[in-house]
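A closer look at the structure
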Amino acid sequence: IIEQKKYLIDGELKTWDGNSTQVFSTISSTEDYKPTLLGSIPDMGEPEAMDALGAATKAYGRGQGVWPTMHVKDRIDCMEAFVKKMETKREEVVKLLMWEIGKSLPDSQKEFDRTVEYIYDTIEDYKELDRNAAKFQKHDGVYAHIKRGPLGVVLCLGPYNYPLNETFALLIPAIIMGNTAIFKPAKHGVLLITPLLEAFQSCFPKGVINILFGRGRAVAAPIMQTGKVDVLALIGNSKSANALQNQHPKSNRLRLVLGLEAKNPAIVLPDADLDLTIDECIAGTLSFNGQRCTALKVVYVHEDIAEEFNKRFSKRVDELKFGNPWDDGAKLTPLPEPEKPAYIQGLIDDALVKGAKILNKKGGEHADNYIWPAVLYPVTKDMNVYQEEQFGPVIPIVPFKDIEEPLDDMAESNYGQQVSLFGKDVYALAPLIDTLVNLVCRVNLNSSCQRGPDVYPFTGRKDSAQATLSVHDALRSFSIRTFVAFKDN
Ligand code: G3H
């Protein structure tokens, strides 16, 4: 049992002596996969929130504080010192990723290593940005020295499914650009921040990063209500983002850096290579039990091949191995959100009442915090599983006759992140690809949807995102171009 009592405000690692909130583990050593008590975190409220905001505001100092005015090289030194210390915590953080959110051992290791690489790549990109800023431009007799400046105080909130990687994909570029931050970890995947607290404390000047624990409503809302936050950086759902944004008295002045929901479709054309398509659709729908914003959340299959695809795909789903995250080859693991199995069951029941069938034998079997993925067919627009971002193990398959059918659905959808297109003749598909890139932001040819490699732009249309993330883009999302100009006279 880990009793996490430390928190970081104004460069001081304080010890919490108030009430605590229990943190449950996704997994247990028993075979019934009941959630077990893993530890506790401080249940903070407005006083700590205001202290953190005060510290971040002071460290920013209207752009004249120690951090935004620090020489680029020194800011890089701080970041390098941090990432080096972070690397020594790999084993501890990976273990907590498995215990807290049930992510498999290889995926937990990948999340850690990917985050470290992300930080090093960000440092390199930042150096490049700085080299370019040193150059003067001259147009029409006006010289300009253009660079990228910070925006101010950032409130940073990450998701439970990538509590390290996606949170740091916000926090690290925000900080390196000279902003200061208040960071509150997600509800699940929170204890894993503990091993990194000392590194944050010792590597950055005081007030640059302030780390709080507790419920979003108790901590984040009062911070927003002060109107002193310049950037809301959040990966999660649009409901939480909108609620927080609306707390800000001058929300039109807020810079939003948001990664939100998606309902990425796979479109399987009649000439698709079925072996490859099925491999990719298994990975796309069920990696980390479908709890990824980039997961394939609906599969459109051309009616000519639907029977064959369905038979082979649903057999493969039932052959996946379920187990604890450290079990060799476990692809399906328990779910961190205790309410998720009942929610998924509700989607299945609704689809069955409205005419779909479960194609795989084990589909929907569940106990406590796991549920076996159900392959549902034929799914129609009136079903909840078609309309909602399920963020879990249930796979709706929609048959289509004409390509206009999935295209119309995508155009009507509230989301627009990515699509996977499966077909052999990619040259003949060029006009279709041209249409798809105007509906989403990334078209994956014969491969499932994903965020990486992290140098590629990660964004979405409509309710899927505000701003672009990636090693390259995030530095721009967390800064603004400023310049000094003078005339040639
Ligand atoms: O949950 C959303 C993440 O951005 C997914 O990232 O495609 O690397 O798993 P990923």
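Residues numbered from 1 in each chain as written. Predicted model: local features only at pLDDT ≥ 70, side-chain atom pairs only at ≥ 80, totals over all residues. Heavy atoms only, no water.

**With respect to the overall build of the protein chain**
Test applied: Secondary structure elements follow DSSP: runs of H or I of four or more residues count as helices, runs of E of two or more count as strands, with numbering from the N terminus. Only C-alpha atoms enter the radius of gyration, while the globule expectation follows 2.2 Å times N to the 0.38, with N the number of residues. Accessible area is worked out with a 1.4 Å probe on protein chains only. A residue is then buried under 20% of its type maximum, exposed over 50%, and partly exposed in between. What makes two residues a contact is simply this: any of their non-hydrogen atoms within 4.5 Å. Surface accessibility follows the Shrake-Rupley procedure with a 1.4 Å probe radius. Residue values consider only the protein chains on display as shielding.
Helix and strand counts for the protein chain come out as 16 helices and 25 strands. A compact globule built from 489 residues would reach a C-alpha radius of gyration of about 23 Å, and the protein chain, at 24 Å, matches this within 12%. When the backbone C-alpha atoms are referred to their principal axes, the protein chain occupies close to 70 × 65 × 40 Å. The buried share of the protein chain, reckoned over its 489 residues, is 56%. Taking the intrachain contacts of the protein chain between residues at least 6 apart in sequence as the baseline, contacts between residues at least 24 apart amount to 73%. Summed over all atoms, the accessible surface of the protein chain reaches about 20,800 Å², with 50% contributed by carbon and sulfur.

**Notes on the pattern of salt bridges**
Quick note on the threshold: Salt bridges, as used here, are contacts in which a Lys or Arg side-chain nitrogen is within 4 Å of a carboxyl oxygen on Asp or Glu.
Enumeration over the complete set of coordinates arrives at 22 salt bridges. Lys401 is the salt-bridge partner of Glu303, the closest N and O atoms lying 3.4 Å from each other. Pair noted here: Glu303 is in the loop between strand 14 (296-302) and helix 11 (306-319) and Lys401 is in the loop between strand 19 (394-400) and helix 14 (404-412), with a separation of 98 residues, a long-range link. In this structure, a network of salt bridges that share partners links the residues Asp275, Glu308, Lys311 and Arg312.

**Observations concerning the sheet that holds strand 13 (residues 264-268)**
Condition: Strands pair, by our definition, only if DSSP identifies at least two bridges between them. Angles shown run from 0 to 180 degrees and are taken between the N-to-C directions of axes, each axis being a line fitted to C-alpha atoms and, for helices, limited to the stretch in contact.
Spatially, 15-18-19-14-13-21-22 is the arrangement adopted by the 7 strands of the open sheet, whose pairing is mixed. Strands with a single pairing partner mark the edges of an open sheet, and in this sheet they are strand 15 (357-358) and strand 22 (442-445). Strands in contact with helix 12 (residues 340-353) are strand 15, strand 18 (374-377) and strand 19; relative to strand 18, the strand with the most contacts, it is inclined by about 25°.

**Re the packing of helix 3 (residues 72-87) against helix 6 (residues 165-176)**
Note the threshold: In what follows, roughly perpendicular refers to angles from 65 to 115 degrees, roughly parallel to angles under 35, roughly antiparallel to angles over 145, and oblique to any angle outside these ranges. For this classification, Asp, Glu, Lys and Arg are treated as charged, while Ala, Val, Leu, Ile, Met, Phe, Trp, Tyr, Cys and Pro are nonpolar and the rest, including Gly, are polar.
Viewed as axis vectors pointing N to C, helix 3 and helix 6 meet at an angle of 150°, and their least axial separation amounts to 10 Å. One way to sum up the angle between helix 3 and helix 6 is to call them roughly antiparallel. Two secondary-structure elements touch here, helix 3 through Arg75, Met79, Phe82 and Met86 and helix 6 through Phe168, Ile172, Ile175 and Ile176. Class assignment of the residues belonging to the contact of helix 3 with helix 6 gives a composition of 7 nonpolar, no polar and 1 charged.

**Comments concerning helix 4 (residues 90-101)**
Each full turn of the α-helix corresponds to 3.6 residues, which orients residues three or four apart in the same direction. Note the following rule: Under the convention used throughout, the expected extent of a helix is 1.5 Å for every residue step, that is, one less than its residue count.
Taking 1.5 Å per residue, 12 residues should reach 16 Å; helix 4 reaches 16 Å between its end C-alpha atoms and fits that length. Taken residue by residue, helix 4 has Val93, Val94, Leu96, Leu97, Met98, Glu100 and Ile101 as its buried positions. In this fold, the buried residues of helix 4 make contact with strand 1 (2-3), strand 4 (20-25), strand 5 (36-42) and helix 5 (105-133). Of the residues flanking the end of helix 4, it is Gly102, one or two places downstream, whose phi is positive at about 75°.

**Describing the environment of Val83**
With respect to the helices and strands, the residue Val83 is situated in helix 3. The sequence separation of Val83 and Leu196 amounts to 113 residues, and the corresponding C-alpha distance is 9.9 Å. Each residue touching Val83, except ones within four places of it in the same chain, is listed here: Val116, Ile119 and Tyr120.

**Here we look at helix 10 (residues 274-286)**
In plain terms, the rule: Here a polar contact is taken to be a pair of N or O atoms separated by no more than 3.5 Å, where protein atoms must pair a possible hydrogen donor with a possible acceptor and residues adjacent in sequence count only if both atoms sit in side chains.
End to end, helix 10 covers 17 Å across 13 residues, agreeing with the expected 18 Å (1.5 Å per residue, within 8%). Among the residues of helix 10, Leu274, Thr277, Ile278, Cys281, Ile282, Gly284, Thr285 and Leu286 are the ones counted as buried. Residues of helix 10 that are buried in the fold lie against strand 13, strand 14, helix 11, strand 19 and strand 21 (418-422). With a side-chain oxygen positioned 3.1 Å from the backbone nitrogen of Asp275, the residue opening helix 10 is Asp273. One or two steps after helix 10, the chain reaches Phe288, where phi turns positive at roughly 45°.

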